[in-house]
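Read off the chains here:
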Amino acid sequence: MGSQDRRRMWKRSGNHTHWFILAYLLLLAVPCMGFLPDFWSRVLTLSWDSHTHQYITEQSILNVTLETLRDTKKHQRHHAEEQTRLGRGFWRAVGEVVKSNAAMDFLSSTRSDPVYHFDSERVDSAMAMLRQFWAQTLLSVRAKEYQSARHSLGQLFHSLQDFYSHSNWVELGQRSIYLHLLQPEEPAIPVAEEGTPTCMECFSRTCRGNLLPRLTNTQQDSRLLTTGYFSTSPPKPEGKCSHGGILDSSRNMGAKGGINKDSTSPFFSPHHYLHVEAATLATEATLSVLRDLRDTVGHKTFLRLFSVKQVPALVFVMDTTGSMFEEITAARLRAHSIIQSRASSPGQPGIYLLVPFHDPEVGPVHETDDPNEFMQHMENLMALGGGDEPEMCFSAIQLALTHSPPLSDIFVFTDASPKDAHLFDAVKALALEKQSKVTFLLTEDPNYTTESRGRRRRRTRSREELSPDRFSLYSSLSTLSGGLTIFTTNSDIHDVSTIVDDNTAADKVTLLHVQSDQELMSSHSFRVDSSVKNVTLHVTGNLIECTLTSPSDQSQSLLSEQGPLAELEHFVGLYRISLLSPVQPGQWKLQAKRDGNLTFNVIGDSSVDFLYYFATVTNETHPGLARVEGSPVAGVPAFLVLAVTGLAPDEEASFSHVMLLGADGQSLQQVKLNSSSSSSSSSVEELVGRVDSVPRVPFCVRLTGRDSRGNKLERVSTEMVQPTHVQIQVSTVPRLVPGHSTMVGFDILNHGPARLFSLSADDDCGYLQKRGPHRFHVAEHGSFRGQVDLHTPATARTGATVTLTLTVRALDSPDSNYAVAYLTVVPPDPDTSPPSCSTARVQSTCSSICNESSWSVSLVVSDRGRSGLAALHLQKGEGVLTLFHSPPPTEDSLVKAQPSSDQQQAHRDETASEGHHHHHHHHHPKARLEKGDPPLNVSEWVMGSSQPLWVRYTSSCCSAQAELLVWDTAGNMKRCHLTSGQQRQLSDRSTETSGAGRITLTTGIFLSTWGLLWSSLL
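Residues numbered from 1 in each chain as written. Predicted model: local features only at pLDDT ≥ 70, side-chain atom pairs only at ≥ 80, totals over all residues. Heavy atoms only, no water.

Chemist: Can you walk me through the overall build of the chain in this structure?
Modeler: Each helix and strand in the chain was counted, giving 20 helices and 42 strands. By the burial criterion, 59% of the 1018 residues in the chain qualify as buried. In the chain, once contacts between residues fewer than 6 apart in sequence are set aside, the share between residues at least 24 apart is 73%. Split by element, the accessible area of the chain, about 39200 Å² in all, is 50% carbon and sulfur. (Helix = DSSP H or I, 4+ residues; strand = E, 2+ residues; numbered from the N terminus. Buried < 20%, exposed > 50% of the residue type's maximum accessible area, 1.4 Å probe, protein only. Contact = heavy atoms within 4.5 Å. Areas by Shrake-Rupley, 256 points an atom, 1.4 Å probe, with all protein chains shown as cover.)

Chemist: Looking at this structure, I do not really get the pairing of strand β32 (residues 835-844). What am I missing?
Modeler: Walk down a regular strand and you will see the side chains alternate between the two sheet faces. Judged by how many residues are buried, β32 sits mostly within the fold: seven of ten residues are covered. Pairing between β32 and strand β33 (residues 854-863): nine bridges, direction antiparallel. Of the residues in β33, the one forming a bridge with Cys 837 is Val 861. (Pairing = 2+ DSSP bridges.)

Chemist: Even after reading the chapter, I still don't get the confidence of the model for the chain, so can you show me in this structure?
Modeler: Any residue range with low pLDDT should be treated as having predicted coordinates unsuitable for detailed reading. Per-chain confidence: the chain averages 82 in pLDDT, with 81% of residues scoring 70 or above. Per-element confidence in the chain ranges from a low mean pLDDT of 28 for strand β42 (residues 1013-1014) to a high of 96 for helix α7 (residues 146-166). Note that pLDDT drops below 50 for residues 1-33; the model gives that stretch 100 contacts with residues more than four away or on any other chain. In this model, residues 891-923 is a region of pLDDT below 50 whose contacts with residues beyond four sequence positions or in other chains number 42 contacts. (pLDDT = per-residue confidence, 0-100.)

Chemist: So what exactly am I meant to see when it comes to unusual backbone geometry here?
Modeler: For residues that are not glycine, phi is negative in most cases, and the peptide bond is trans in most cases. Here the bond from Gly 254 into Ala 255 is cis, since omega is -5°, no more than 30 degrees from zero. Residue Gly 363 is joined to Pro 364 through a cis peptide bond whose omega torsion reads 5°. Along the chain, Pro 364 falls in the loop between β2 (352-357) and β3 (366-368). For Lys 309, which is not glycine, the phi dihedral falls at a positive 50°. The class of Lys 309 is buried, set by a relative accessible area of 12%.

Chemist: I tried to follow the state of the cysteines on my own but got confused; where do I start?
Modeler: Here a disulfide denotes one covalent bond, and it connects the sulfur atoms of two cysteines. Following the criterion strictly, the structure yields five disulfides and no others. What connects to what in the chain, once the bonded cysteines are numbered by sequence position, is 1-4, 2-3, 5-10, 6-8, 7-9. (Disulfide = S-S within 2.5 Å.)

Chemist: Whenever I open this one, the sheet that holds strand β38 (residues 949-956) confuses me. Can you help?
Modeler: For sheets, the rule is that strands pair by backbone hydrogen bonds, running either parallel or antiparallel. Read from one edge of the open sheet, five strands run β32-β33-β38-β35-β36, paired in antiparallel fashion. Of all strands in the sheet, those bounded by a partner on one side alone are β32 and β36 (927-929). Taken pair by pair, the neighbouring strands of this sheet meet at an average axis angle of 25°, ignoring direction. (Axes fitted to C-alpha atoms, helices over the stretch in contact; angles between N-to-C directions.)

Chemist: It is not clear to me how helix α12 (residues 393-403) should be interpreted in this structure. Could you clarify?
Modeler: Since one α-helical turn is 3.6 residues long, residues separated by three or four positions face the same way. Among the eleven residues that make up α12, ten are buried, leaving the element largely enclosed by the rest of the structure. Within the sequence span of α12, burial applies to Cys 393, Phe 394, Ser 395, Ala 396, Ile 397, Gln 398, Leu 399, Ala 400, Leu 401 and Thr 402.

Chemist: Just checking my understanding: could you explain the environment of Met 521 for this structure?
Modeler: Position of Met 521 relative to the elements: it lies in strand β8 (residues 521-528). Separated by 23 residues in the primary sequence, Met 521 and Ile 544 place their C-alpha atoms 9.7 Å from one another. The residues touching Met 521, leaving out its near neighbours within four places in the chain, are Gln 591, Ala 592 and Lys 593.

Chemist: Help me understand the environment of Arg 332 in this model?
Modeler: By the secondary structure assignment, Arg 332 is in helix α10 (residues 325-342). Arg 332 sits 45 residues away from His 377 along the chain, and the two C-alpha atoms are 9.7 Å apart. Excluding residues that lie within four positions of it along the chain, Arg 332 makes contacts with Met 375, Met 378, Glu 379 and Leu 381.

Chemist: Hey, could you run me through the sheet that holds strand β26 (residues 741-750) in this one?
Modeler: Read across the open sheet, the three strands follow the order β25-β26-β29; overall the sheet is antiparallel. The open sheet has two edge strands with one neighbour each: β25 (726-730) and β29 (783-791). In this sheet, neighbouring strand axes are inclined to one another by 25° on average, regardless of whether the strands run parallel or antiparallel. Sheet analysis places β26 next to β29, joined by nine bridges and oriented antiparallel. Bridge pairing in β29 links Met 743 to Asp 789.

Chemist: I'm lost on helix α11 (residues 371-379) in this one. Help?
Modeler: Here α11 has its buried residues at Phe 374, Met 375 and Met 378. Along the axis of α11, the buried residues cluster in a sector spanning 100°; they form a single face. Residues of α11 that are buried sit in contact with β1 (314-319), α10, β2 and β3. One side-chain oxygen of the residue at the start of α11 lies 2.9 Å from the amide nitrogen of Asn 372, identifying that residue as Asp 370. (Arc of directions from axis to C-beta. Polar contact = N/O pair within 3.5 Å; in protein donor to acceptor, adjacent residues only side chain to side chain.)

Chemist: Explanation requested: the side chain of Thr 742 in the structure shown.
Modeler: As for its placement among the helices and strands, Thr 742 is situated in strand β26. Thr 742 gets classed as buried once you look at its relative accessible area, which sits at 11%. Ignoring anything within four residues of it in the chain, the contact list for Thr 742 reads Pro 734, Arg 735, Leu 736, Val 788, Asp 789 and Leu 790.

Chemist: Looking at this model, I keep getting lost on the nonpolar core. Mind explaining?
Modeler: Looking at soluble globular proteins, one finds that nonpolar side chains tend to be buried together. In terms of nonpolar packing, the biggest core is built from 61 residues, with Phe 90, Tyr 164, Leu 181 and Phe 306 touching the most fellow members. Elements represented by at least two residues in this core include exactly α3 (53-71), α5 (88-106), α6 (123-142), α7, α8 (275-297) and α9 (299-305). A total of ten residues in this core trace back to one element, the largest contributor, which is α8. With sequence-adjacent residues up to four places away left out, Phe 306 is seen in contact with Ile 61, Gly 89, Phe 90, Ala 93, Val 97, Leu 153 and Leu 290. The next biggest cluster of nonpolar side chains, apart from the first, holds 38 residues, and it includes Phe 357, Phe 394, Ala 400 and Ala 431. (Core = buried A, V, L, I, M, F, W, Y, C linked by side-chain atoms within 4.5 Å.)

Chemist: Looking at this structure, how should I read the side chain of Asp 529?
Modeler: Summarising the element assignment, Asp 529 is placed in the loop between β8 and β9 (533-540). Since its relative accessible area comes to 2%, Asp 529 is described here as buried. Of the polar contacts made by the side chain of Asp 529, one reaches the side chain of Ser 531; its length is 2.5 Å. Within the local environment of Asp 529, its side chain forms a polar contact with the side chain of Arg 715, the two groups lying 2.8 Å apart. With sequence-adjacent residues up to four places away left out, Asp 529 is seen in contact with Asp 707, Lys 712, Leu 713, Glu 714 and Arg 715.

Dropping the structure here:
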């Protein structure tokens, strides 16, 4: 993005320079390792032009996503326009990858472990870890566990990127990525042994020529790899290279100095002058992984992994007891309406999720992206049975939150209070972690008795007063998540359920979300900017009076008159107010007189929205901002980091501050914002502000700025932040192996006086050995380290994700906090070996007239691992790929037997059915593929994991390159590049990759099997 596209970015304000410098000075005593983690690190190290983990990861995901969209013929928009339309969900998904990447530098279990950072010459162990991350990512994607996949992908990226910064790969003269890191079959460069010196002494901040000759030798046979030692663990042997920089305590041990290329600052990186080269290779490696992932799982699944243009999920949690007939009918009609309205809308298919429940049954979860299948599940719902009044509602909501994507709106239809109130903390943790809203549509008056309820539900219990507070947990959950609780009736439930349509349309933003439960009269305001359309107000509760005033001071009494400003629809429990078009930009006011509690929620259509998180300056192994997990600590400073999404490149919007608002809308604290971006190529507007003291009461965040016309622009994030004086952090996130037990460690930090705490644990699969509560004492400003144990049954499905929630509560105060961890079930001994391609025969008759000659290659394709071949795909090339069960006939006979274009098309049409039947004449072609054909499933053709296939590729000499993708059933991919002899010089320059062979076809000459160019990343 050019600088002219950054006009909306407002410049750093001088009035915050003092805290930039203060934070910098505080961090000078902090150790550092790896590429800098995030934008803040560039401030702290004064290296504004450094490439960070965050920048490399964000840019790589953005570029491959746009590339993938351009590959689909439906998306031919300009790059900038396409970027604007990626959606808030996309940036949330990217943020999850970035968060996981950065956490490698901040988590106690990973920040000092050299294996995660390619430090201390632990190269072999680090490579094994990389391959585990790749296998885990692939397992999770195929199981549609996208959050887990994003987590392991972020970990993979961190270690992969660190290799190029921490090793001597760049100093060896390499200008291409090291394929062996993720492809064990590619040639490896040996690592220097423990007793082999690698560095000479360096006595200046900039170290040039401090690597010994074998560590910079470009001759293939005599090269050695090394990586720098960091700090004192493990101890650095004499003569080894250090990581280096003023924060590395090992830099003064022989050999002095260091080799890291983390930044452009000589204070932190002795090889700072090679930072750009290292960052370029780290970016290439990240791009390569993303492309391999896309080609392995397919374009559609790749876009879903990153929630690209994802329409909001439709999530219903349905009570199916006998009194729920009207509610189920209303939900069916609402779902049908939404599906019809989405039929012609652009974007990726949405997720449809249905979780039925009563007592004692919960589920099953019906999850699909097929609207017809979802409607069939809705039609199959039956209102049957009864029993005691409470139902298993929170169990169903927990399943809905676990299976739905982040930023979802979840709608709960019930008329019963919760029987499983013990799950409230787990459900609250999931709602806040996923930033999902939970709205309750309750067809029950909380003041009803069992007698009146019994007539509806035919229940046997007699006159027993039910507590009017029995729905209070529902109200608490909707309040803290930003949803609503609506008490209505059977006769009005259909009309009230229009709120589902209003909230699940694409690009909905919140302009106001407040509760009024103190004053009889209340007054609230909200702002409409030029980007906002279709403004709708929802008011829950009972209004006595309500007056709406426009920016031009025109008023309308909504309850007593029809007017020029808005149209009111009143149902039991809900007022729906639609502003009439055209909506005037500016400040609108609402004045209301109430009878009981009111909740006001104002939404509109706009692509401009924001995401945020709280962070603290790290005091461990890295200069940067460490994201606060769970709720922030009350009464202490913190940083607020925001990402503004959906701004068009030419949109001149500016953002000055955020306001922290209490539940009733009162202003608690203003936080001034600065732009965090030091580069004009940042792809999302990122802002940071310092909160002087986190409020001690719950609050939400309202972003304020101005649009291109000078109108004030406001957006509200509706979830309520719950400040606290206790923190809980998951210290280890292990993999789960079927049939084995696993420990998950956690740390509790007490920011208050000495006291007792209670810990509750829950998981969605029932693997926990003990759920608690567990009680323990923590000293004043002290900490406690503990663990919970899980046992994974032998029948657990590989790739499944177990969602673990941990909640800690103080026994003497309301202080509580939560942590959520996603654990992946992996096979005990995964197959990480990709298939192989080897040349059996090559031939070319290419002449100066390319369209009158051809070249061809015969390959043997087999699987190196235990899984067996799964699929082949011709990714590039204008020729024809022919598959055989045995070595194909000679070139001449094949040329004579080449079918016409019509025959080729007929063969492709028959490919799917051919895949299920074996030919007895093995020399006959099994199938033919051309570019554009879908991947061909060959898993049923090869009966054993070691049985090969023979492949012949034939092309006109006018098309001199081709690319074949081969997968095994474990998901490992091989990318085989074929290049003709006439393009050899060009190929040598443009596709050079270390450790890769290449097929070069020379006229009339047969070459042997070492002629393949293999360039795949696993």
